[in-house]
Amino acid sequence: MRSRAVHGVLAAVALAVVASASPLGAQAPPFETRKVTDNVYIFRFGGHQSMFVVTPDGVIATDPIGYLRPHAVTTYIDEIRKVSPAPIRYVVYSHHHYDHIAGGKPFKDLGATFVAHRMAKMRLEALKHPDVVIPDVVVDAQHVIELGGTRLELHHVGRNHSDNSLVMLLPKEKLLFTVDFIPIQTVQFRDMPDGYLPDWFDSLDRVLAMDWDRMIPGHPYAGGRLGTKDDVRALKQYMTDLSDAVRQAANQGKCFDAAMKEITLPQYATWGNYGLFLPGNIQRFCEYWGRGY
Ligand SMILES: [Zn+2]
């Protein structure tokens, strides 16, 4: 009886977390493809998003988003096929985290060339996950894919949410695809695992210095809308305010536990995952200001 009651409570908590964590609401379909411009689309499956670019000479896909769900990848390919019969020439990884890039084999079987940052390939070769396609082509600072009249630039803007994020810029369309390091009106994930401070701030400045109008994120945030430079500035301000508050707490000997309980940033209380992940975000800055790592 007791364990059943506990299980019931845990199930209720899990449901509450899912409901509060979903920016699209309970009625969102399991997957969706949205046209952004004549040649650029967003494929969303569950809580992950990928961008694909269609040209007369072929398709450039990005993250397969198929971790532990192979049907997400076959659905992705079916959705591409609904808008173009052209060969899928490339799959570009945003960074090496499994939830974005696992499951790419069906793309490989169609002959796609896999592209990622050099450090992403190095990490994936060490990890040897059975459901991850190892990149064929590696990028250092930048790389350009020109296909069928479309130019896609891949930029490494330094270390942030990982050491191998590639920002994907479509200069003609003024569109940017960024994954995980620039959440929109949403606090950072948990304790910012695999993240680099203070490099992350420089990385945001480098994104702000690029020429673009709209940003496609790797997760639907804030109702699923695209981001703007104001969103990047707001995120940088959030991280600055968080950093200042934690630095002060660290100097008063409050890191880790007291800081994680006491610090609030009410001006961000309406942001996604505020209640869920603010303590983790504080923990990460406590590591930085209280310990130096
Ligand atoms: Zn990630």
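Refer to the structure above for everything that follows.
Predicted model only: the values in this text are computed from it and were never measured.

Asks: Please provide a residue-by-residue account of the overall build of the protein chain, values included.
Replies: A tally of regular secondary structure across the protein chain gives 9 helices and 12 strands. Rg of the C-alpha trace for the protein chain: 20 Å, near the compact-globule value of 19 Å for 293 residues, within the 12% margin. By principal-axis analysis of the C-alpha atoms, the protein chain measures approximately 60 × 55 × 35 Å. Put simply, the protein chain has 293 residues, and 51% of those count as buried. When contacts within the protein chain are restricted to residue pairs at least 6 apart in sequence, long-range pairs at least 24 apart make up 62% of them. As displayed, the protein chain has an accessible area near 13500 Å², and 55% of this comes from carbon and sulfur atoms. Across the protein chain, the centroid of the 31 positively charged side chains sits 3 Å from that of the 31 negatively charged ones.

Asks: For the pattern of salt bridges, give the residues involved together with the corresponding values.
Replies: Under the defined criterion, the tally for this structure stands at 15 salt bridges. Residue Arg118 pairs with Asp140 through a salt bridge whose shortest N-O separation is 2.7 Å. You can see Arg118 sitting in helix H5 (residues 118–127) and its partner Asp140 sitting in the loop between strand E7 (137–139) and strand E8 (142–147), a full 22 residues away along the chain. We note a salt bridge from Glu262 to Lys254, for which the minimum N-O separation is 2.9 Å. Judged by relative accessible area, which is 47%, Glu262 ranks as partly exposed. Shared partners join several salt bridges into a network, and the residues in it are Glu146, Arg151 and Glu153.

Asks: Help me get a handle on the coordination of the zinc ion, residues and values and all.
Replies: Surrounding the zinc ion are the protein donor atoms His95 (NE2), His97 (ND1), His161 (NE2) and Asp180 (OD), at 2.0 to 2.2 Å. Classification of the site at the zinc ion rests on its 4 donor atoms, whose angles at the metal span 89 to 176 degrees, yielding the label irregular.

Asks: So what about the state of the cysteines? Which residues, and what values?
Replies: Should the sulfur atoms of two cysteines be covalently bonded, the bond is a disulfide. Counted according to the given criterion, the structure contains 1 disulfide. Sulfur-sulfur distance for the disulfide between Cys255 and Cys286 comes to 2.0 Å. A torsion of -80 degrees about the S-S bond marks the disulfide between Cys255 and Cys286 as left-handed. Linking Cys255 in the loop between helix H7 (229–251) and helix H8 (257–262) with Cys286 in helix H9 (residues 274–291), this pair joins segments that are 31 residues apart in sequence. Its relative accessible area of 0% is what places Cys286 among the buried residues.

Asks: Explain the sheet that holds strand E9 (residues 150–155) to me, using residue names and the numbers behind them.
Replies: Hydrogen bonds between backbone atoms are what pair the strands of a sheet, whose relative direction is either parallel or antiparallel. The strand order E8-E9-E10-E11-E12 describes an open sheet built from 5 strands, whose pairing is mixed. Sheet topology places E8 and strand E12 (214–217) at the edges, where each strand pairs with a single neighbour. Ignoring strand direction, the axes of neighbouring strands in this sheet form an average angle of 20 degrees.

Asks: Before we move on, could you go through unusual backbone geometry and cite the residues and values that matter?
Replies: Cis geometry marks the peptide bond from Leu197 to Pro198; its omega dihedral reads 0 degrees. Following the sequence through the fold, Pro198 ends up in the loop between strand E11 (175–178) and helix H6 (199–208). Cis peptide bonds are those with omega within 30 degrees of zero, and the linkage from Cys255 to Phe256 qualifies with 10 degrees. Within the element layout of this structure, Phe256 appears in the loop between H7 and H8.

Asks: Break down the side chain of Ser165 for me, with residues and values.
Replies: Here Ser165 shows up in the loop between E9 and strand E10 (167–170). On the accessibility criterion, Ser165 (1% relative accessible area) is buried. Here Asn160 takes part through its side chain, which lies 2.9 Å from a polar atom of the side chain of Ser165.

Asks: I'd like to hear about the sheet that holds strand E1 (residues 31–35), residue by residue, with values.
Replies: Overall, mixed pairing links the 7 strands, which are arranged E1-E2-E3-E4-E5-E6-E7 in an open sheet. Every other strand in the sheet has two partners, leaving E1 and E7 as the edge strands with one partner each. Taken pair by pair, the neighbouring strands of this sheet meet at an average axis angle of 20 degrees, ignoring direction. Bridge count between strand E3 (residues 48–55) and strand E4 (residues 58–62): 4 bridges; the pairing is antiparallel.

Asks: Tell me what's going on with the environment of Val115, and back it up with residues and numbers.
Replies: Structurally, Val115 is set in strand E6 (residues 113–117). Of the residues examined, Val115 reaches a relative accessible area of 1% and is grouped as buried. Ignoring any residue separated from it by four or fewer positions in sequence, one finds Val115 in contact with Tyr90, Val91, Val92, Tyr93, Pro135, Val137, Val139 and Leu154.

Asks: Tell me about H7, and please be specific about residues and values.
Replies: Working note: α-helix, 3.6 residues per turn, so residues spaced by three or four point in the same direction. Its 23 residues give H7 an end-to-end C-alpha distance of 33 Å, which sits within 8% of 33 Å, the value for a rise of 1.5 Å per residue. Residues Lys229, Asp231, Val232, Leu235, Tyr238, Met239, Asp241, Leu242, Ser243, Val246, Ala249 and Ala250 constitute the buried set of H7. Where the residues of H7 are buried, they touch H6, E12, H8 and H9. The backbone nitrogen of Asp230 has a side-chain oxygen 3.2 Å away, supplied by the residue at the start of H7, namely Thr228. Once H7 finishes, Gly253 follows within two positions and takes phi at roughly 75 degrees, a positive value.

What counts as what
- Residues numbered from 1 in each chain as written.
- Predicted model: local features only at pLDDT ≥ 70, side-chain atom pairs only at ≥ 80, totals over all residues.
- Heavy atoms only, no water.
- Helix = DSSP H or I, 4+ residues; strand = E, 2+ residues; numbered from the N terminus.
- Rg over C-alpha atoms; globule rule 2.2 N^0.38 Å.
- Buried < 20%, exposed > 50% of the residue type's maximum accessible area, 1.4 Å probe, protein only.
- Contact = heavy atoms within 4.5 Å.
- Areas by Shrake-Rupley, 256 points an atom, 1.4 Å probe, with all protein chains shown as cover.
- Lys, Arg positive; Asp, Glu negative; His and termini not counted.
- Charge placed at Lys NZ, Arg CZ, Asp CG, Glu CD.
- Salt bridge = Lys/Arg side-chain N within 4 Å of Asp/Glu carboxyl O.
- Donors = N, O, S within 2.8 Å, 3.2 Å for Na, K, Ca; no water.
- Tetrahedral: all angles 85-135°; square planar, octahedral: opposite > 155°, others 65-115°.
- Disulfide = S-S within 2.5 Å.
- Pairing = 2+ DSSP bridges.
- Axes fitted to C-alpha atoms, helices over the stretch in contact; angles between N-to-C directions.
- Polar contact = N/O pair within 3.5 Å; in protein donor to acceptor, adjacent residues only side chain to side chain.
- Expected span 1.5 Å × (residues − 1).

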